[in-house]
Amino acid sequence: MVAVDSLGERGIINLLRQRLELMPNMAVPFGDDVSAVSIDNSDDGGEVAVLKVDMLVAKTDVPAKMCLYDAARKAIVMCVSDFASKGVQPVAALVALGLPNCLATVESVVEIVDGLNAAAREYGAYIVGGDTGETGDLTISVSLYGKAFKSVLMLRDGAKAGDVLAVTGVFGKSSAGLRLLLDDSYVASSRARLVLENAVFRPVARLVEGLALSKSGCVSASMDSSDGLAWSLHELMRMSNVGFTLDLVPVAVETVEFAQQNGLNAESLALYGGEEYELVLTVPPEKWDAAKKAVEEVGGKLIAIGRATEHREIVLLQAGGRKQVINHCGYEHFTS
C-alpha cells in the first residue's frame with residue numbers, strides 16, 4: 001500500500017490522468033485551471049462550455065475564526081478565480097453541501113446559503129441547484145459553468161521567451177493573515193491586522209481584470225495564484241516550457257510591516273503563501289501597454305515583475321547581479 005501523502009495533490013491528479021480515458025480533442029488541456037467541452041463541435045475557435053469544480057473542507061480551508069458566511073463565500077470565490085484566469089464569465093453554479101451534525105441547524109444553513117448567494121451574484125452568476133447530505137466535516141463543493149469561444153481562452157501553455165511576466169496585485173497578505181489567526185504569538189498593528197485578516201476572510205477573485213485581459217487579446221498565458229506565487233510560476237514554466245527571471249517580488253506593504261515585526265522574510269511570505277487569488281500572466285512586450293491599459297480601465301492594476309526566458313529555471317535578480325532560485329513550493333493538499 002502506498003500512502004497518498006507520498007504523491008501529493010498533483011501526483012494524485014497525474015495518476016487520475018493516467019487512469020482515465022481522456023476525451024479526444026479537449027478544448028483545454030487536462031490540468032489547466034478549468035475544463036471545457038465543445039458546444040458546436042467545431043475543431044478550432046468554436047464555442048465551448050467552460051466547467052470548474054472546487055471543494056472547500058472546513059478542516060483544511062476554513063480557519064477557526066472564519067464565520068460560515070465567509071466560508072461559503074470563499075467556496076464560490078475559489079471557482080470564480082479560475083474562471084477569471086481564463087477570461088470567462090461564470091453563468092451558473094451547482095453546490096453540493098455536506099453538513100456535520102454540529103452545524104445542522106436552520107441558522108447555520110441560512111448563513112451558508114446567504115454567503116453562497118451573495119458571492120455568486122457578486123460575480124454575475126446564479127446558483128441553480130445542487131445536493132445536500134450529512135458529512136463528518138463542513139464540505140462545500142461548487143461546480144461552475146460558463147461559455148466562451150475557445151480562441152479567447154487564456155491558457156497556461158502559451159508563454160514565450162521575452163514575454164513580460166505580470167500579476168494583478170501584491171502578495172503575502174493572506175499568508176501573514178493566516179499566521180495571525182492561527183498563532184497568538186504573532187503581532188501586528190491594528191491597521192495591518194485588519195487588512196491581513198480580511199485577506200483571509202474576504203478574498204477577491206480578479207474576474208473583471210481577467211475579462212478585460214481576455215477581451216484585449218494581449219495575454220499569452222495565464223493562471224490564478226491560489227496555491228502561491230512561486231507554485232504558479234513553476235506551473236506556467238512546466239506548461240509553457242519557458243523559465244522566468246523576476247526583477248521584483250510584489251509584496252504588500254502590510255506584509256512587509258508584519259514580517260519586520262515578527263522576524264520573518266516578507267518575500268518568502270509573498271512567494272510561498274497561498275490563497276491570494278491574483279492572476280499570474282505573460283504578455284508579449286509589444287502588447288504590454290495595451291494589456292496594462294485594459295486592466296486600468298476597469299479599475300485594476302497590472303504589475304510587471306519580470307520576463308519569460310528560454311532557460312527552464314525561475315530566479316530572482318538581486319543586488320550585484322546575484323540570482324536567487326525560486327523553489328517549487330506552495331500549498332498542496334496531502335503534503336502541506
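Below or above, wherever it landed, is the structure these notes cover. (Residues numbered from 1 in each chain as written. Predicted model: local features only at pLDDT ≥ 70, side-chain atom pairs only at ≥ 80, totals over all residues. Heavy atoms only, no water.)

**Topic: a nonpolar patch on the surface**
On the surface, M23, V37, I39, L51, V91 and Y145 cluster together into a nonpolar patch covering about 460 Å² of accessible area. Within the element layout of this structure, V91 appears in strand β3 (residues 90-99). (Patch = residues over 30% accessible without salt bridge, like charges linked within 9 Å, V, L, I, M, F, W, Y side chains within 5 Å. Areas by Shrake-Rupley, 256 points an atom, 1.4 Å probe, with all protein chains shown as cover. Salt bridge = Lys/Arg side-chain N within 4 Å of Asp/Glu carboxyl O. Helix = DSSP H or I, 4+ residues; strand = E, 2+ residues; numbered from the N terminus.)

**Digging into the side chain of S85**
Its place among the elements puts S85 in helix α3 (residues 68-86). With residues up to four places along the chain from it excluded, the contact list for S85 reads D33, M154, S222, M223, D224 and L279. (Contact = heavy atoms within 4.5 Å.)

**Considering the sheet that holds strand β4 (residues 126-134)**
Strands sit in the order β1-β2-β5-β3-β4 across an open sheet of 5 strands; the sheet is mixed. Each edge of the open sheet is held by one strand with a lone partner, namely β1 (35-38) and β4. For this sheet the average axis-to-axis angle between neighbouring strands, irrespective of direction, equals 20 degrees. Examined bridge by bridge, strand β2 (residues 47-57) and strand β5 (residues 139-149) share 11 bridges and lie antiparallel to one another. (Pairing = 2+ DSSP bridges. Axes fitted to C-alpha atoms, helices over the stretch in contact; angles between N-to-C directions.)

**Focus: unusual backbone geometry**
Positive phi, normally seen in glycine, also occurs at N25, with a value near 55 degrees. With respect to the element layout, N25 can be found in the loop between α1 (8-19) and β1. Assessed through its relative accessible area of 73%, N25 is described here as exposed. Unlike most non-glycine residues, E275 shows phi in positive territory, near 60 degrees. Residue position: E275 is located in the loop between α10 (266-272) and β9 (279-283). Taking the relative accessible area as the measure of exposure, E275 reaches 25% and is therefore partly exposed. (Buried < 20%, exposed > 50% of the residue type's maximum accessible area, 1.4 Å probe, protein only.)

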